[in-house]
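Fold and contact review
Spelled out, the chains give:
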Amino acid sequence: MGGTEHLTERREGATLVLTLNRPEAKNALSLPMLVGLYDGWLAADADDTVRSVVLTGAGGAFCAGMDLKALAGHGMAGEGAHLRDRLKADPDLHWKAMLRHHRPRKPVIAAVEGYCVAGGTEILQGTDIRVAGQSATFGLFEVRRGLFPIGGSTVRLQRQIPRTHALEMLLTGRPYTAREAADIGLIGHVVPDGTALGRALEIAEQINSCGPLAVEAVKASVYETAELTETAGLAAELARGWPVFDTADAKEGARAFAEKRPPVYRRA
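All values reported here derive from a predicted model rather than from experimental measurement.

Cut-offs applied
- Residues numbered from 1 in each chain as written.
- Predicted model: local features only at pLDDT ≥ 70, side-chain atom pairs only at ≥ 80, totals over all residues.
- Heavy atoms only, no water.
- Helix = DSSP H or I, 4+ residues; strand = E, 2+ residues; numbered from the N terminus.
- Buried < 20%, exposed > 50% of the residue type's maximum accessible area, 1.4 Å probe, protein only.
- Lys, Arg positive; Asp, Glu negative; His and termini not counted.
- Salt bridge = Lys/Arg side-chain N within 4 Å of Asp/Glu carboxyl O.
- Polar contact = N/O pair within 3.5 Å; in protein donor to acceptor, adjacent residues only side chain to side chain.
- Axes fitted to C-alpha atoms, helices over the stretch in contact; angles between N-to-C directions.
- Left-handed = near helix turned anticlockwise from the far one by under 90°.
- Contact = heavy atoms within 4.5 Å.
- Nonpolar A, V, L, I, M, F, W, Y, C, P; charged D, E, K, R; others polar.
- Pairing = 2+ DSSP bridges.
- 1 Å grid on protein atoms, 1.4 Å probe; cavity = no way out; pocket = protein on both sides within 12 Å on 5 of 7 lines; lining within 4 Å.
- Points joined across faces, edges and corners; volume = space filled by probe spheres on them.
- Right-handed = clockwise from strand over helix to strand, strands pointing away.

Description of the side chain of Arg51
Note on placement: Arg51 falls in the loop between helix 1 (31-46) and strand 4 (52-57). It is Asp249 that comes nearest to the buried, bridge-free Arg51 among opposite-charge side chains, at 6.3 Å. At 2.9 Å, the side chain of Arg51 forms a polar contact with the backbone oxygen of Asn208.

A closer look at the packing of helix 6 (residues 153-160) against helix 7 (residues 163-172)
Running from amino to carboxyl end, helix 6 crosses helix 7 at an angle of 145°, the nearest separation of the two axes being 7 Å. You can see that helix 6 and helix 7 cross each other, and the crossing is right-handed. Where helix 6 approaches helix 7, its residues Ser153, Thr154, Leu157 and Gln158 are matched on the opposing element by Arg163, Ala166, Met169 and Leu170. Here the contact of helix 6 with helix 7 is built from residues that sort into 4 nonpolar, 3 polar and 1 charged.

Some points on the sheet that holds strand 6 (residues 115-117)
Strand order across the open sheet formed by 3 strands is 6-8-9, with mixed pairing between neighbours. Across the chains shown, the open sheet's two edge strands, defined by having one partner strand only, are strand 6 and strand 9 (176-177). Sheet analysis places strand 6 next to strand 8 (residues 137-139), joined by 3 bridges and oriented parallel. Looking at the pairing, Cys116 lines up with Phe138 of strand 8.

Quick look at empty space enclosed by the protein
By the definition in use, this model includes 1 cavity of 30 Å³ or more. What the largest cavity holds in volume is close to 40 Å³. Among the secondary structure elements, those contributing two or more residues to the lining of the largest cavity are helix 9 (196-208) and helix 10 (212-225). When residues in the lining of the largest cavity are grouped by element, the largest group, 3 residues, is from helix 10. For the lining of the largest cavity, the class distribution of residues is 5 nonpolar, 1 polar and 2 charged.

Focus on the pairing of strand 3 (residues 15-20)
Most of strand 3 is tucked away, with 6 of its 6 residues classed as buried. By the alternation rule, side chains of strand 3 split into Thr15, Val17 and Thr19 and Leu16, Leu18 and Leu20, which are all buried. Taken together, the 6 bridges between strand 2 (residues 7-12) and strand 3 define a ladder with antiparallel strand orientation. In the strand pairing of strand 3, Glu9 is matched with Leu18. A loop of 2 residues connects strand 2 with strand 3, the two strands running antiparallel in sequence, and Gly13 in this loop sits at a positive phi of about 65°. For strand 3 and strand 4, the ladder comprises 6 bridges, and the chain directions are parallel. Following the sheet pairing, Leu20 is matched in strand 4 by Gly57. With helix 1 bridging strand 3 and the parallel strand 4, this β-α-β connection has right-handed handedness.

These values are about where atoms sit, not about what they do.
Encoded structure:
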């Protein structure tokens, strides 16, 4: 078990599970949590035995956003000198932790129960695949507090869901049910309460069984080409895709298919 006091890490096979761990505050973002999150993203990308990451929350909530008491000037819960030093050394650290200024190389799956609002919905937009319990709540509440959703939502949300839905979510600050979030395309799966993590781990295992070099190249290509013209995007796809065919893993995949056995990929 790793992480900080407000974030824990554990392994489920080739999946790293990061758990936001301030259940008494519905996992509102604290400095220890943000530092732990950023370190978790770096650790996942640095460890070739990790093929996917699942992000979830403890105590029946995902994340209720930034700690408003801290924002009002009362300080981050659990804040220590070494953590303040980390932030001074890298003033961008909190944005990297929230996936605003950092994109992990490995696929990231969100497993949401309960509240996933404000900063929670902003972190969600940096994940790749999203699963939620049927009673989960989503929304960008910032305008209701006279604030701005500066974690990337005015840019990302309209690229992930239809603009009319993005603007309604941003401008009303109202809560959305899991079914509403799925209907507008913000999340991909609605499951019975208490089973989001299990479903996310099932999806992660499906990813883990695939060629890791291929998976990482596909993810990179999707994001790299999202804002390109079709012509430029297709050229970029070839640049990413052709090298994959020259890997030993690609040859292993074909050989395993012919031999009717599971492939054994070695990231080579």
